[in-house]
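Each chain, written out:
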Amino acid sequence: MSKKRRYIRYLVLLLILFAVAVHEVIVDAKISSWEQTLEVRLFAINADGERATNKYIRSLKQADFKAVESFINRGAERYGITIKAINFTYAGELISRPPDVPLENSVLGNIIWSLHFRAWALYQSFQIKDGSSDIDLFINYFDTSKTKSLRHSVGLKGGLIGVINGFADNGYRGSNNVVIAHELMHTLGATDKYNQLNQPAHPGGFAAPFQEPLFPQREAEIMGGRIPLSATKAIIPDNLDLVVIGAFTAAELNWYGL
Ligand SMILES: [Zn+2]
């Protein structure tokens, strides 16, 4: 490669990185000011190539994800946001697959995966011609008869993207929506509020942290992830009707003092 061509390559790469950085700064300002509705898109991916998964994806429609939009907007309204916080669009199936979330939790592995995922998502946004968005989410669907447990899902605040692993089954629609909402909250700046044993952390991960007696709780806090029944037992909520956005999470989203 000639020196000139190499120079042009670097320049193009720099321009792309600059465009990504500018986009992130703009959306970040939008997120922290809450003066404009954020556009969120969700793409479905057949992650195991199964026919059953394909059939399920073909049955999906916008209404199947309505609960996610209502959940976030209801929460925002409760904390004083006067505009519609998010507009959630189901954008259909995507043929490409995001890089697999690493199984081991190593810092370097996570950094490399996160860069890989961001590059992949950036490439997808160039490929998708119609419309634009502030945040893109990708849901990997797996057939329940072939896959019994899922890798964890990830939402990146810096990248404004998230990958969700879900089951291609109507019975899991509600719990898939809980995971979508959780990862979306991560992209908006919320942090996890549970410990290594998946037990919600008190007080931030509780829906009613100052209730007496404290247990059992009736609902889950979105970043706590589960409904705490006792100090050692917590269950996964079936749907978003059993989940709330707690005050500690709302503060991370800057839903106070606007
Ligand atoms: Zn999380």
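Check the entry above for the structure.
Residues numbered from 1 in each chain as written. Predicted model: local features only at pLDDT ≥ 70, side-chain atom pairs only at ≥ 80, totals over all residues. Heavy atoms only, no water.

**Re the packing of aromatic side chains**
Applying the stated rule across the entire model yields twelve aromatic pairs. Ring centres of Tyr56 and Tyr141 lie 5.3 Å apart, and the angle between their planes is 70 degrees; this geometry places the pair in the edge-to-face category. One end of the pair, Tyr56, is in helix H2 (residues 51–59); the other, Tyr141, is in strand S3 (residues 135–142), and 85 residues separate them in sequence. Judged by centre distance (4.7 Å) and plane angle (55 degrees), the rings of Phe167 and Tyr172 are tilted. An aromatic cluster is defined as three or more aromatic residues linked by ring pairs; in this entry it consists of Phe43, Trp113, Phe117, Trp120 and Phe138. (Phe/Tyr/Trp six-rings, centres within 6.5 Å; stacked < 30°, edge-to-face > 60°. Helix = DSSP H or I, 4+ residues; strand = E, 2+ residues; numbered from the N terminus.)

**Regarding the pattern of salt bridges**
As a working rule, side chains carrying opposite charge can pair if their charged atoms are close by. On inspection of all chains with the given rule, the structure shows eight salt bridges. In this structure, Lys146 engages Glu50 in a salt bridge whose closest nitrogen and oxygen atoms are separated by 3.2 Å. Highlighted residues: Lys146 in the loop between S3 and strand S4 (154–156) and Glu50 in the loop between strand S1 (38–46) and H2, separated in sequence by 96 residues. For Glu50, a relative accessible area of 24% gives the class partly exposed. Salt-bridge contacts for Lys193 lead to Glu252; the nearest nitrogen and oxygen are separated by 2.7 Å. Highlighted residues: Lys193 in the loop between helix H5 (173–187) and strand S6 (220–221) and Glu252 in helix H6 (residues 247–252), separated in sequence by 59 residues. A network of salt bridges, in which partner residues are shared, links Lys61, Asp64 and Arg173. (Salt bridge = Lys/Arg side-chain N within 4 Å of Asp/Glu carboxyl O. Buried < 20%, exposed > 50% of the residue type's maximum accessible area, 1.4 Å probe, protein only.)

**Here we look at the nonpolar core**
Ranked by size, the top nonpolar core spans 45 residues in total, and within it Phe88, Leu184 and Trp255 carry the most contacts. At five residues, H5 tops the list of elements feeding residues into this core. Three or more residues apiece are contributed to this core by two domains, here domain 1 (36–189) and domain 2 (191–258). In this structure Leu184 touches Val40, Val68, Ile72, Ile86, Phe88, Ile135 and Leu137, once residues within four positions along its chain are discounted. Counting 14 residues, the second largest nonpolar core, distinct from the first, contains Ile45, Val101, Ala121 and Ile161. (Core = buried A, V, L, I, M, F, W, Y, C linked by side-chain atoms within 4.5 Å. Domains from an automatic or database assignment. Contact = heavy atoms within 4.5 Å.)

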